[in-house]
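Okay, here's what each chain looks like letter by letter:
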Amino acid sequence: MNGQEIAFLALAVVGGLAGLFVVTTRNVVHAALWLVVALSSVAGVFLLLAAPFVAFVQVIIYVGAIVVLILFGIMLTRAPVGRRVFDNSLRARIGALVIGGGMFAMLTWFMVDAWSGERITNRAPTTTEALGNAIFRNYVLPFEAVSVLLLAALIGAIVLARRD
């Protein structure tokens, strides 16, 4: 194993654990902070793949804007921050564990079957111009749909907060 593979393994473990903490923590604000760690590890993986532009966009857009939007929404809607009144039953937790474990096993099997021992090699770095053309030509509709979705979420949070 070379250094790049060790770094990828470390980032994968940190990102996986942070993602697990996002969905298992009882505090909504802590979940948002764990989301920052998970998304930052994804940016680190992009750096390892020699895509610094995508890594910095990941940090600026997701870690910066999206998490701030989530925290802003939490503050505006006055969501419960502490322990919930109604905890999930043991039966529901076991069912979620079985379904989540099954999905993990299925996706792992699909990934191993799809690549079956092939190594991922670094290609020539993509230029910023080519990336911009791809985003604003091929993916302009999903890009704008996400923008409208985020705007709707922000407006919804403000409406819910002003309902007093």
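Above this text is the structure in question.
In this text the structure is predicted, and so the values were computed from the model without any measurement.

1. Describing the overall build of the protein chain
The helix and strand inventory of the protein chain stands at 6 helices and 0 strands. The linear arrangement of helices and strands in the protein chain, starting from the amino end, is α-α-α-α-α-α. Residues classed as buried in the protein chain amount to 12% of the 164 residues present. Within the protein chain, counting contacts between residues at least 6 apart in sequence, those at least 24 apart form 66% of the total. Approximately 12,500 Å² of the protein chain is accessible, and the part contributed by carbon and sulfur atoms is 73%.

2. Regarding the side chain of serine 41
Within the secondary structure layout, serine 41 lies in helix α2 (residues 28–48). Its relative accessible area of 6% is what places serine 41 among the buried residues. Discounting residues that sit within four places of it in the chain, serine 41 has contacts with Leu11 and Gly15.

3. A word on the packing of helix α1 (residues 3–24) against α2
Put simply, α1 and α2 touch, their axes get as near as 8 Å, and they point 160° apart. In terms of their interaxial angle, α1 and α2 are classed as roughly antiparallel. In terms of crossing hand, the pair formed by α1 and α2 is left-handed. Residues Gln4, Ala7, Phe8, Leu11, Val14, Gly15, Ala18, Gly19, Phe21 and Val22 of α1 lie in contact with α2, whose contacting residues are Ala31, Trp34, Leu35, Val37, Ala38, Ser41, Gly44, Val45 and Leu48. Along the lines of polarity and charge, the residues of the contact of α1 with α2 split into 14 nonpolar, 5 polar and no charged.

Reading the values: rules and limits
- Residues numbered from 1 in each chain as written.
- Predicted model: local features only at pLDDT ≥ 70, side-chain atom pairs only at ≥ 80, totals over all residues.
- Heavy atoms only, no water.
- Helix = DSSP H or I, 4+ residues; strand = E, 2+ residues; numbered from the N terminus.
- Buried < 20%, exposed > 50% of the residue type's maximum accessible area, 1.4 Å probe, protein only.
- Contact = heavy atoms within 4.5 Å.
- Areas by Shrake-Rupley, 256 points an atom, 1.4 Å probe, with all protein chains shown as cover.
- Axes fitted to C-alpha atoms, helices over the stretch in contact; angles between N-to-C directions.
- Parallel < 35°, antiparallel > 145°, perpendicular 65-115°, else oblique.
- Left-handed = near helix turned anticlockwise from the far one by under 90°.
- Nonpolar A, V, L, I, M, F, W, Y, C, P; charged D, E, K, R; others polar.

Remember, this is a structural readout, not a statement about activity or role.
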